[in-house]
Amino acid sequence: MTPFEGQYPTRYQAVTLQNVAAQPEWQRLDPEIREAVEVVARVLPFRTNIYVMRELIDWDNVPDDPMFQLTFPQREMLAPEDFNAMRDLVRRGASRKEILALANEIRFKLNPHPAGQMTHNVPEMDGQRLWGMQHKYRETVLFFPAQGQTCHAYCTYCFRWAQFVGIQELKFEAKEVELFVEYLRRHTFVTDVLFTGGDPMIMKSKALRKYVEPLLTPELSHVRDIRIGTKSLAYWPQRYVTDADADDVLRLFEQVVKAGRHLAIMAHFSHPRELSTPIVQEAIRRIRETGAEIRTQAPVVAHVNDDPEAWAVMWQESVRLGMVPYYMFIERDTGPKGYFEVPLYKAQEIFAEAYQRVSGLARTVRGPSMSCWPGKVRVVGTATIKGERVFVLEFLQGRNPDWVGKPFFAKFDPEATWFDELKPAFGEEKFFFEEDIEEQEFHWWEETHETPVAIPLPIRSSVAV
Ligand SMILES: *Cc1c(COP(=O)(O)O)cnc(C)c1O
């Protein structure tokens, strides 16, 4: 028996619209809040679980509690007219068909496919599109395992929300692992693979192993870094402590490290409370024991973490627990963006204020950053140059690698919440990278071995001890 048995729920149980009313906490909710959950959840995905409900949400502080805001749909996430229309259908017990029709109508107004997410960066090989993969930046290929397309709980601000309500059709190949491996074999300039979803850690270790093990062959030694994007540490740390295959998952992590690769768990932590339970701290300890590193990231969103104190504590606690603060993101322009958005200047102030409070060890974090069509754009700050107030920006990642590391400027706009709303400063017509964006759509999949090759792993036949 592990020290955590009996102390935390150890059998995973999802809580959705189907069973939420059976939870004791439901009875404590104001009827208006209950109705809002029942209405909004018809349009946007809703899934939480008993660990989140019992251990993370402070029910004395509902509805303002950040953990409640993080997983329970809120009335203001829909425009008033859309909310009212759906509420009327729910109240009069309309048919599933009617509710679905209205839900889809509302969903299509919420920009379900931001920045060409699922279509623009899908590679091609031998005339075949490799659905389930994305290749936007030269070094890194994203892989969406077919079996990892859900999460232990859904974040209300999720930018991939459309995937979970079925309006964004993810197509997967039957032979997806073979195609993935073949693609990597042909593109030796790829150094990083990022498993994403959904959440790949929703998979049983046996399934995860089928995707990860084939990468460990010497033939793919240019794949130096294997990343797994996951919210599981926050939402179900039992995954690494008490789940039946917890030990086997950790063995797989060890195997990756022993094969000479860097294993990076890209952990999504939105609020310091997620880091506070003894079981998450034990999960972190156990993962680190395998030789894997954990990097932390999240978007800055209203109602959850738009507060420098939350970030400073999160970064400091991350460092203390042996994790590396990585990115602060700006929430994307999709779904209930109006509810969660933070103006760019304010996000940058939150970042700077938190950054000023922590030691250099936590200043590995970069942001706030927008993942938009041309790349990852960081809002460095604001400045006044020759009398004009401007945003100072830079690319942390670019479709064109040459764009990285060159500061550029946009007109200051206190209302701007996303990259599209920004205009070049100093009366310029275009941003510098827009000069070549029209003729250059980068297709990394068309590049072959001539593209600068990743430095291969120094393979030694034996290691002296
Ligand atoms: C963020 C991101 C990456 C990884 O970028 P790094 O700066 O190397 O962490 C890769 N692909 C996509 C599509 C991304 O958004």
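Each chain carries its own residue numbering, running from 1 in the written order of its sequence. Reporting in this predicted model follows two pLDDT cut-offs: at least 70 for local features of residues, and 80 or more for side-chain atom pairs to be given and counted; totals over whole chains, interfaces and linings ignore these cut-offs and use all residues. As a convention, hydrogens and water are excluded, and side-chain values are obtained from all of the structure's heavy atoms.

Bringing the site of the ligand into the picture now. Lining the immediate surroundings of the ligand are Tyr137, Thr140, Leu142, Arg227, Tyr326, Tyr327, Lys376 and Gln397. Residue Tyr327 places a side-chain N or O atom 2.7 Å away from an oxygen atom belonging to the ligand. Accessible areas in this description were obtained via Shrake-Rupley with a 1.4 Å probe; residue shielding takes into account the shown protein chains only. Surface burial for the ligand is 86%, taken as the share of its 390 Å² of free accessible area covered by protein chains. Buried and open spaces are told apart on a 1 Å grid over the protein atoms alone, a cavity being a set of points where a 1.4 Å probe fits but cannot get out and a pocket being an open set with protein on both sides within 12 Å along at least five of seven lines. Residues with an atom within 4 Å of a point are the lining residues. By definition, a pocket or cavity contains a molecule when more than half of the molecule's atoms lie within 2 Å of the pocket's grid points. Placement of the ligand is best described as lying within the largest cavity. The helix and strand labels rest on DSSP assignments: H or I over at least four residues marks a helix, E over at least two residues marks a strand, and numbering proceeds from the N terminus. Counting residues per element, the ones that place at least two in the shell around the ligand are strand E6 (140–143) and strand E11 (324–330). Each residue gets one label: Ala, Val, Leu, Ile, Met, Phe, Trp, Tyr, Cys and Pro are nonpolar, Asp, Glu, Lys and Arg are charged, and the others, such as Gly, are polar. In terms of residue class, the shell around the ligand is made up of 4 nonpolar, 2 polar and 2 charged. Working definition: residue near molecule or strand if any one of its non-hydrogen atoms lies within 4 Å of it. N or O atoms closer than or at 3.5 Å make up a polar contact, with two conditions inside protein: a donor-capable atom paired with an acceptor-capable one, and, for residues adjacent in sequence, both atoms drawn from side chains.

The residue Glu25 is located in helix H1 (residues 24–28) in this model. Relative accessible area serves as the criterion here: at 9%, Glu25 is assigned to the buried category. By definition, residues are in contact when any of their heavy atoms lie within 4.5 Å. With residues near it in sequence (within four places) discarded, Glu25 still touches Met53, Arg54 and Trp59. Only protein chains enter the calculation, and the probe is 1.4 Å; a residue is then buried if its accessible area is under 20% of its type maximum, exposed if over 50%, and partly exposed in between.

What follows concerns the confidence of the model for the protein chain. For the protein chain, the mean per-residue pLDDT works out to 92, and 92% of the residues sit at or above 70. Confidence scores labelled pLDDT are given residue by residue by the predictor and lie between 0 and 100. Throughout residues 461–465 the model reports pLDDT below 50, and contacts reaching past four residues in sequence, or to other chains, amount to 0 contacts.

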